[in-house]
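# Breakdown of the fold
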Amino acid sequence: MDKILKFIFSLIKVLLIVVVVLFVVYFWNLDQKLLGWAYKQVNLIFDRKKVNQVF
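Here goes a summary of the coordinates provided. If you're wondering where the values come from, they're calculated on a predicted model, not measured in any experiment.

### So, unusual backbone geometry
Phi at N29 is positive, roughly 55°, even though this residue is not glycine. Along the chain, N29 falls in the loop between α1 (2–27) and α2 (30–47).

### Notes on the packing of aromatic side chains
Here the structure, examined in full by the defined rule, presents two aromatic pairs. On the basis of an interplanar angle of 25° and a centroid distance of 5.7 Å, the ring pair of F23 and F27 is categorised as stacked. Placement of both F23 and F27 in helix α1 is noted, with a separation of four residues, approximately one turn of the helix. Seen in terms of ring centroids, F27 and W28 are 6.0 Å apart; in terms of plane orientation they differ by 65°. Their pairing is edge-to-face. Members of the aromatic cluster, joined through ring pairs, are F23, F27 and W28.

About the criteria used
- Residues numbered from 1 in each chain as written.
- Predicted model: local features only at pLDDT ≥ 70, side-chain atom pairs only at ≥ 80, totals over all residues.
- Heavy atoms only, no water.
- Helix = DSSP H or I, 4+ residues; strand = E, 2+ residues; numbered from the N terminus.
- Phe/Tyr/Trp six-rings, centres within 6.5 Å; stacked < 30°, edge-to-face > 60°.

This is the structure we're talking about:
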């Protein structure tokens, strides 16, 4: 019985941490900020390449 209670409390603790992290990401809109940074990095890489135009 004691092992079951420890497991339940640890599961509740992990789920609470996950919910708090997801709320912080949602509240500060961190996913969009991360994607904005990633798009800038990708554009920097592809804007440096020479384009072969065959027209």
